[in-house]
Amino acid sequence: LKFVFPVLKIHIGLISRNEMGKEWKNHWHYVANATSMGDNIYVHDLDDDEFNDLLDSGAFIYDPSRNPFDKGRLLNCLNFWCQARWTSDAQGEF
């Protein structure tokens, strides 16, 4: 039970941003402010030391404009929970 809420929090965040786990893990849609290069800098444009320092300090910020699938929290959640992912004649066979 100790791990349920942290894992649930991650999944709710992924669903609300329409982001895949690999995208989140690799920081594909994240920027950082107050870097040596300025503000709103894509995190993968930073040098390794600055990337690691900002990652450790929690300075990465999700940038929805970098995720073409992010349609806003409400629409992302509605699509995830309410939109059918199969045709009506599907039998569940693989």
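Here, every reference points to the structure presented above.
Residues numbered from 1 in each chain as written. Predicted model: local features only at pLDDT ≥ 70, side-chain atom pairs only at ≥ 80, totals over all residues. Heavy atoms only, no water.

S.K.: How should the sheet that holds strand β2 (residues 41-42) be read in this particular structure?
M.R.: Two pairing modes exist for strands in a sheet, parallel and antiparallel, and in both the strands are linked by backbone hydrogen bonds. Pairing in this open sheet of three strands is antiparallel, and the strands run β2-β1-β3 from one edge to the other. Among the strands making up the open sheet, the edge pair consists of β2 and β3 (60-62). In the sheet, strand β1 (residues 30-32) pairs with β2 via two bridges, with the strands oriented antiparallel. Paired with A32 across the two strands is I41, which belongs to β2. (Pairing = 2+ DSSP bridges. Helix = DSSP H or I, 4+ residues; strand = E, 2+ residues; numbered from the N terminus.)

S.K.: Is there a simple way to explain the nonpolar core in this structure?
M.R.: When a protein is soluble and globular, its nonpolar side chains tend to lie buried together. Among the nonpolar cores identified, the biggest contains nine residues, and these are Y30, A32, I41, V43, L46, F51, L54, F60 and Y62. Every element with two or more residues in this core is listed here: β1, α3 (48-57) and β3. When residues no more than four places from it in sequence are discounted, the contact partners of L46 are A32, T35, M37, I41, F51 and L54. (Core = buried A, V, L, I, M, F, W, Y, C linked by side-chain atoms within 4.5 Å. Buried < 20%, exposed > 50% of the residue type's maximum accessible area, 1.4 Å probe, protein only. Contact = heavy atoms within 4.5 Å.)

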